[in-house]
Amino acid sequence: MSNMLHLLPVEAYTSQHWFHREMRDIFSKTWRYAGFMEDVSKPGQYITVQAGLNNIFIVMGRDRRLRAFHNICRHRGTQLIRAVGKTQKALTCPYHDWTYDLEGNLISVPEEQEEFGQIDESCLGLKPAKVDIWKSMIFVHPDPNAPSIADWFGPVEPHIGPHVPEELIEYGELKSSYEIKANWKAVVEN
């Protein structure tokens, strides 16, 4: 019996079209790790994460519930927030100052009457995504109706062995981030 070696074509590592398809058909349709529970542990705290082609943010509401939304204003599609931070009670778009509460509802449109007439703000809330917690880690899914993270991880659970992910400690001072100018597969495979 000979070993079969599965080789991807060169285009899998170099083609922008191939990469876009992976982002659209794989990474935009699955769960994505976003951070630890302590990263979003107080009302108003938020983090953002790229999930394939979707930029998503997770925010803790005043009711201490985690919610996830697509990070785009419903007016002109501007990115609402960046990176990590804390807001008091609302998220304001930097482009035209449309303002949303921590539950994703549109609560203020400057010069609403002059610009738009009467609009139904209840229809223009932020587009929801799904947020879930597994072993003290926060995950997001672009689809608000995705199956739970527990269902997704279910088959993996028996194979974790002695590792206790919820007891992991993140050392901020040892954290480093850098950009590698290479296709993601070249990095993962090496």
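Above: the structure in question.
Keep in mind that this is a model prediction, so the values were computed, not measured.

1. Topic: the overall build of the chain
Working step 1: From N to C terminus, the chain includes five helices and ten strands.
Working step 2: In terms of overall dimensions, the chain has a C-alpha envelope of 75 × 40 × 35 Å along the principal axes.
Working step 3: Counting only residues that meet the buried cut, the chain has 35% of its 190 residues in that class.
Working step 4: Partitioning the intrachain contacts of the chain with sequence separation of at least 6 by distance along the chain shows that 48% fall at a separation of at least 24.
Working step 5: Surface summary for the chain: the accessible area is close to 12,500 Å², and the carbon and sulfur share equals 54%.

2. Some remarks on the environment of Ile 72
Working step 1: Relative to the helices and strands, Ile 72 is located in the loop between strand E4 (66-70) and strand E5 (84-86).
Working step 2: For Ile 72, a relative accessible area of 40% puts it in the partly exposed group.
Working step 3: The spacing of Ile 72 and Gly 85 is 13 residues in sequence and 17 Å in space, taken between C-alpha atoms.
Working step 4: What Ile 72 contacts, discounting residues up to four positions off in sequence, is Gly 77, Thr 78, Leu 80 and Leu 126.

3. Some details on the nonpolar core
Working step 1: Within the largest apolar cluster, 16 residues are counted, with the highest numbers of intra-cluster contacts made by Phe 57, Leu 80, Trp 98 and Tyr 100.
Working step 2: Judged by nonpolar contacts, the second largest core, of 14 residues, contains Val 40, Val 49, Met 60 and Val 140.

4. Structural notes on the sheet that holds strand E8 (residues 106-108)
Through backbone hydrogen bonds, the strands of a sheet pair up, either in parallel or in antiparallel fashion.
Working step 1: On the basis of which strands lie adjacent, the open sheet formed by three strands has the order E6-E7-E8 and antiparallel pairing. Each edge of the open sheet carries a strand with a single partner, namely strand E6 (90-92) and E8. Between one strand and the next, the sheet's axes are offset by a mean angle of 40°, whatever the strand orientation.
Working step 2: Sheet topology places strand E7 (residues 99-101) next to E8; two bridges connect them, and they run antiparallel. Paired with Thr 99 across the bridge in E8 is Ser 108.

5. Brief notes about the environment of Arg 74
Working step 1: In this fold, Arg 74 is placed in the loop between E4 and E5.
Working step 2: Spatially, the C-alpha atom of Arg 74 lies 7.2 Å from that of Gly 125, the residues being 51 residues apart in sequence.
Working step 3: For Arg 74, the contacting residues outside a window of four places in its chain are Trp 98, Tyr 100, Cys 123, Leu 124, Gly 125, Leu 126 and Lys 127.
Working step 4: For Arg 74, the side chain forms a polar contact with the main-chain oxygen of Gly 125, separated by 2.7 Å.

6. Here's the deal with the sheet that holds strand E1 (residues 32-36)
Working step 1: Across the sheet, seven strands lie side by side as E1-E10-E9-E4-E3-E2-E5; this open sheet has antiparallel pairing. If you trace the sheet from one side to the other, it starts and ends with E1 and E5, each paired once. Ignoring strand direction, the axes of neighbouring strands in this sheet form an average angle of 30°.
Working step 2: Bridging between strand E9 (residues 128-134) and strand E10 (residues 137-141) involves five bridges; their strand directions are antiparallel. Residue Trp 134 lies in a different strand from E10, and its bridge partner there is Met 137.

7. So, the packing of aromatic side chains
Working step 1: Applying the stated criterion across every chain yields a total of seven aromatic pairs.
Working step 2: Site record: aromatic cluster; members linked through ring pairs are Tyr 33, Phe 36, Trp 134, Phe 139, Trp 152 and Phe 153.
Working step 3: For the cation-ring pair, Lys 185 lies above Tyr 13, with the distance from its terminal atom to the ring centre recorded as 5.5 Å.

8. Here we look at the pattern of salt bridges
Working step 1: The full count for this structure, using the stated rule, is six salt bridges.
Working step 2: As a salt-bridge pair, Arg 67 and Asp 63 come within 2.7 Å of each other at their nearest N and O atoms.
Working step 3: A cluster of three or more residues bridged by salt bridges with shared partners is formed by Arg 62, Asp 63, Arg 67 and Glu 103.

Rules of the game
Residues numbered from 1 in each chain as written. Predicted model: local features only at pLDDT ≥ 70, side-chain atom pairs only at ≥ 80, totals over all residues. Heavy atoms only, no water. Helix = DSSP H or I, 4+ residues; strand = E, 2+ residues; numbered from the N terminus. Buried < 20%, exposed > 50% of the residue type's maximum accessible area, 1.4 Å probe, protein only. Contact = heavy atoms within 4.5 Å. Areas by Shrake-Rupley, 256 points an atom, 1.4 Å probe, with all protein chains shown as cover. Core = buried A, V, L, I, M, F, W, Y, C linked by side-chain atoms within 4.5 Å. Pairing = 2+ DSSP bridges. Axes fitted to C-alpha atoms, helices over the stretch in contact; angles between N-to-C directions. Polar contact = N/O pair within 3.5 Å; in protein donor to acceptor, adjacent residues only side chain to side chain. Phe/Tyr/Trp six-rings, centres within 6.5 Å; stacked < 30°, edge-to-face > 60°. Lys NZ or Arg CZ within 6 Å of the ring centre and 35° of its normal. Salt bridge = Lys/Arg side-chain N within 4 Å of Asp/Glu carboxyl O.

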